[in-house]
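Examining the three-dimensional arrangement
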Amino acid sequence: MSSIFDQIKAHPHQALALYRQACPSLKQSGECWQGHCPFPDHEDRNPSFTVYADGRFNCFGCQRHGSIIDLQQLLYGGTTMEAAHQVAEAMGLAQSIGSKPANKKEWIAEPFGSVSERPKGFDKASGHWCYHNAAGAPMVLKLRFDEDGQKRFEPWTWCRHSQTGAHQWRKQDGPAPRDLYDRHRLPKEPGGTVVIVEGEKTVEAARLLLPELTITTLPNGASSVAQTDLTHI
Ligand SMILES: [Zn+2]
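Residues numbered from 1 in each chain as written. Predicted model: local features only at pLDDT ≥ 70, side-chain atom pairs only at ≥ 80, totals over all residues.

**Some thoughts on the overall build of the protein**
The following threshold applies: Helix numbers and strand numbers start at the N terminus; a helix is a DSSP run of H or I with at least 4 residues, a strand a run of E with at least 2. Both definitions apply: the radius of gyration is a C-alpha atom measure, and the globule rule equals 2.2 Å times residues to the power 0.38. Note that contacts rest on C-beta atoms placed from the backbone: two residues are in contact if these are within 7 Å.
Each helix and strand in the protein was counted, giving six helices and 12 strands. What you see for the protein is a C-alpha radius of gyration of 19 Å, in line with the 17 Å of a compact globule of 233 residues. Summarising its shape, the C-alpha atoms of the protein cover approximately 60 × 40 × 30 Å along the three principal directions. Relative to all contacts within the protein whose residues are 6 or more apart in sequence, the contacts with residues 24 or more apart total 44%.

**What about unusual backbone geometry?**
For clarity, the threshold we go by: Here a residue counts as buried when 20 or more other C-beta atoms fall within 10 Å of its C-beta, as exposed when 12 or fewer do, and as partly exposed in between; the C-beta atoms come from the backbone.
The phi torsion at Asp 148 lies on the positive side, around 50°, for a residue other than glycine. Take Asp 148: it is sitting in the loop between strand S8 (138–147) and strand S9 (150–161). For Asp 148, a count of 5 C-beta atoms within 10 Å corresponds to the exposed category.

**Quick notes on the domain arrangement of the protein**
Heads up, the rule is: Residue ranges assigned to the domains are those given by an automatic or database domain assignment.
One can read the domain layout of the protein as domain 1 (4–103), domain 2 (106–175) and domain 3 (176–233). Between the C-alpha centres of domain 1 and domain 3 there is a distance of 29 Å.

**Quick look at the nonpolar core**
This is how it is decided: The term nonpolar core refers to a group of buried residues, namely Ala, Val, Leu, Ile, Met, Phe, Trp, Tyr and Cys, whose C-beta atoms join them within 7 Å.
In this structure, Ile 8, Leu 18, Tyr 19, Ile 68, Ile 69, Ala 84 and Val 87 are the most contacted members of the largest nonpolar core, which totals 37 residues. For this core, the domains that each give at least three residues are domain 1 (4–103) and domain 2 (106–175). Beyond its immediate stretch of four places on either side in the chain, Tyr 19 contacts Leu 26, Val 51, Phe 57 and Ile 68.

**Let's talk about the environment of Trp 158**
Relative to the helices and strands, Trp 158 resides in strand S9. On the neighbour-count criterion, Trp 158 (23 C-beta atoms within 10 Å) is buried. With near-sequence residues (within four places) excluded, Trp 158 lies in contact with Ala 109, Glu 110, Phe 112, Val 115, His 167 and Trp 169.

**So, the packing of helix H2 (residues 12–22) against helix H3 (residues 68–76)**
We apply this condition: Angles run from 0 to 180 degrees between N-to-C directions of axes, and those axes are lines fitted to C-alpha atoms, restricted for helices to the stretch in contact. An angle counts as roughly parallel when it lies under 35 degrees, as roughly antiparallel when it exceeds 145, as roughly perpendicular when it falls between 65 and 115, and as oblique in every other case. With the far helix as reference, a near helix turned anticlockwise by less than a right angle produces a left-handed crossing, and one turned clockwise produces a right-handed crossing. Throughout, the ten residues Ala, Val, Leu, Ile, Met, Phe, Trp, Tyr, Cys and Pro are labelled nonpolar, Asp, Glu, Lys and Arg are labelled charged, and all others, Gly among them, are labelled polar.
At their nearest, the axes of H2 and H3 sit 10 Å apart, and the two run at 25° to each other. If you check the angle between H2 and H3, you find them roughly parallel. Where H2 crosses over H3, the two elements pack in a sense that is left-handed. Taking contact as the criterion, the partners of Ala 15, Leu 18, Tyr 19 and Ala 22 in H2 are, on H3, Ile 68, Leu 71 and Leu 75. The class makeup of the residues in the contact of H2 with H3 is seven nonpolar, no polar and no charged.

**Quick word on the sheet that holds strand S1 (residues 27–29)**
Threshold: Any two strands with at least two DSSP-identified bridges between them are counted as paired.
What the five strands build is an open sheet, ordered S1-S2-S3-S4-S5; its pairing is antiparallel. Looking at which strands have only one partner, the edges of the open sheet turn out to be S1 and strand S5 (65–66). Sheet analysis places strand S2 (residues 32–35) next to strand S3 (residues 49–51), joined by three bridges and oriented antiparallel. Across the sheet, residue Gly 35 finds its bridge partner in S3, namely Phe 49.

**Focus on the packing of H3 against helix H4 (residues 80–90)**
Between H3 and H4, the shortest axis-to-axis distance is 8 Å and the interhelical angle comes to 110°. As summarised for this structure, H3 and H4 are arranged roughly perpendicular, according to the angle between their axes. As H3 runs across H4, the sense of the crossing is right-handed. Taking contact as the criterion, the partners of Ile 68, Ile 69, Gln 72 and Gln 73 in H3 are, on H4, Thr 80, Ala 83, Ala 84, Gln 86 and Val 87. A class-by-class count of the residues in the contact of H3 with H4 yields five nonpolar, four polar and no charged.

**Observations concerning the environment of Val 203**
In this fold, Val 203 is placed in helix H6 (residues 200–209). C-beta crowding within 10 Å serves as the criterion here: with 19 such atoms nearby, Val 203 is assigned to the partly exposed category. Separated by 28 residues in the primary sequence, Val 203 and Thr 231 place their C-alpha atoms 20 Å from one another. Discounting chain neighbours no more than four positions away, the residues touching Val 203 are Tyr 181, Val 197, Ile 215, Thr 216 and Thr 217.

**Section: H4**
Among all positions in H4, only Ala 83, Ala 84, His 85, Gln 86, Val 87 and Ala 88 are buried. Just downstream of H4, Gly 92 is the residue with a positive phi angle, here 75°.

Written out as structure tokens, the structure is:
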């Protein structure tokens, strides 16, 4: 039996259907397809997102490129293997692959950019901050509550059930390793100066004072260094 990666590679037609879901503006242009980039972190009035007949993509605007598995991972996070299983399932290849960890009953975090519903308690929160993934998709909504002179934080994630497809807000953090606050605004290449402060409120205040610096915070305070993805800074 060939690997899940070979199976996906062998079906560029099915991959194109998934590209269309991510990028509804895709139109055929000669040997390839072009549309507006699905990532919101750059302007793309002249379509820069290109899908080739071999099933790979390239965006001339943001330089993101790769396979449909890479796109899945950039959009929704998770490991490469998880992304491959999600793609295989969506392409209808799951049977021919055999064992699939994606078959577990579980809640999978999804971006909530187009979700109008808000988590329980949202109206009572004294503040809220959005945590994005590297691609700029909003993944975790962190609420702050001030009660009896105490502050308390709750992370909420918009989740899809792996089997029923039902969606709901769940009081849980994104999977570890977690992203720094405003991950998508941090330098794409390591080596730049990034200032880490304590708390999102401090980030906002510090940005006003020091607009030339890149400022961020850890998702769960200074004690969460071990659960935070710091590999890119
Ligand atoms: Zn792009």
